[in-house]
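A closer look at the structure
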Amino acid sequence: MRADRLVAALLFLQTRQRVTAAELAAELGVSERTARRDLEALASAGIPVYSQAGQGGGWSLVGGARTDLTGLTAPEIRELFLLTGSDSDAGPQTRTALRKLVRALPAPLRAGAEAAARAGIADGTDWAGTDTEEPRLAPLQRAVVEERELRIGYARPGRPPRERTVQPLGIAAKSGVRYLLADTADGLRTFRVSRVTSVTETGAPAVRPEGFDLATAWRALAARMEDRLVAVTVRGRAAPGTESVLEGLLGRRIRYGERGPDGWTAIEADGPSPEVVAAQLAGLGARVELLDPPGARAALARIGAELTSLYGGPGTPEAPPRAPAPGATRPG
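Figured I'd write up the structure that's included with this text.

Rules behind the numbers
- Residues numbered from 1 in each chain as written.
- Predicted model: local features only at pLDDT ≥ 70, side-chain atom pairs only at ≥ 80, totals over all residues.
- Heavy atoms only, no water.
- Core = buried A, V, L, I, M, F, W, Y, C linked by side-chain atoms within 4.5 Å.
- Buried < 20%, exposed > 50% of the residue type's maximum accessible area, 1.4 Å probe, protein only.
- Helix = DSSP H or I, 4+ residues; strand = E, 2+ residues; numbered from the N terminus.
- Pairing = 2+ DSSP bridges.
- Axes fitted to C-alpha atoms, helices over the stretch in contact; angles between N-to-C directions.

Moving on: the nonpolar core. Side chains of nonpolar character tend, in soluble globular proteins, to be buried together. Among the nonpolar cores identified, the biggest contains 17 residues, and Leu-13, Leu-24, Leu-42, Ile-47, Val-49, Trp-59 and Leu-61 are the most heavily contacted of them. When residues of this core are assigned to their parent elements, the largest contribution, five residues, is made by helix α1 (residues 2–14). Ile-254, Ile-267, Val-288 and Ala-299 belong to the second-largest nonpolar core, a separate cluster that totals 15 residues.

The next subject is helix α7 (residues 137–146). Where α7 is concerned, the buried positions are Leu-137, Leu-140, Gln-141, Ala-143, Val-144 and Val-145. Just downstream of α7 lies Glu-147, where phi reads positive at about 55°.

Hydrogen bonding along the main chain pairs the strands of a sheet, whether they run parallel or antiparallel. Strand order in this open sheet of four strands is β10-β11-β9-β12, and the pairing throughout is antiparallel. Strand pairing shows two members of the sheet lacking a second neighbour, β10 (254–259) and β12 (288–292), which therefore form its edges. Pairwise comparison of adjacent strand axes, ignoring direction, gives a mean angle of 30° for this sheet. Here strand β9 (residues 232–238) runs beside strand β11 (residues 265–271); their pairing, made up of seven bridges, is antiparallel. The residue of β11 that forms the bridge with Gly-236 is Ile-267.

Written as structure tokens, this is what we have:
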């Protein structure tokens, strides 16, 4: 797991004056390329790691060999714990290693490290989409650790940014996408970090709910979101060869039934509304036929009419013939 490797790499560096990427790769049991990426990740997190090229070169910690973490500054320790604590690969071994590292720190630095360790949680299950553009991540992480109230700009898809005052409580990572968990006037909310357009400290301390636990809060919010994503079920049937496209569009929200004599397969698809499912499947054209509920069929009819109005006209190719639904008859 990458977070485990980063901690192990740092400890290995502290016991050597200089190491090569090949030596670190042998120590960690990974490729030399992976070891080099881990070293670069430590450097980008603010750990004082530098490389020296040429014969006798390698990677070293500024200040030479050390056997504990007391040579690191408070911001560097905080960045390390944020980096490992929010890694989507972090597991029980990583959390155990972090607890040991916290106990090894001098008392003045321990509180900041413990706060950083609590500030991130990773969730490996999938929702939809990935967006890695997160220019506001660093100030959000700092506000969580330092417990600073924020005024953030947040832009939902297709809407202008709107400012909100929030009490930042943690950063959660889900399938490579990070979310800010924050208390607001409307209760606990999640904000996708890539959609945060501005971050301003109000000057007031953040108010943390009594007994707040990031992991518990995230599970409750994630369950609520997942319930909204599967609020309705649309039924229909799909032509042969569409399975991979359907699974790419809907993931685990698509289920298959029996295959008919014409080769078409019964399907069920979950979504937040019939209209959303219809829009997701519209690109398949006549290769998918929705049968129920009526709202899904009406939504596809509207989409089809809009596309015909925009793109139809002389020379438009005819749609391929569609197999009749079970029990239906073709006009004579």
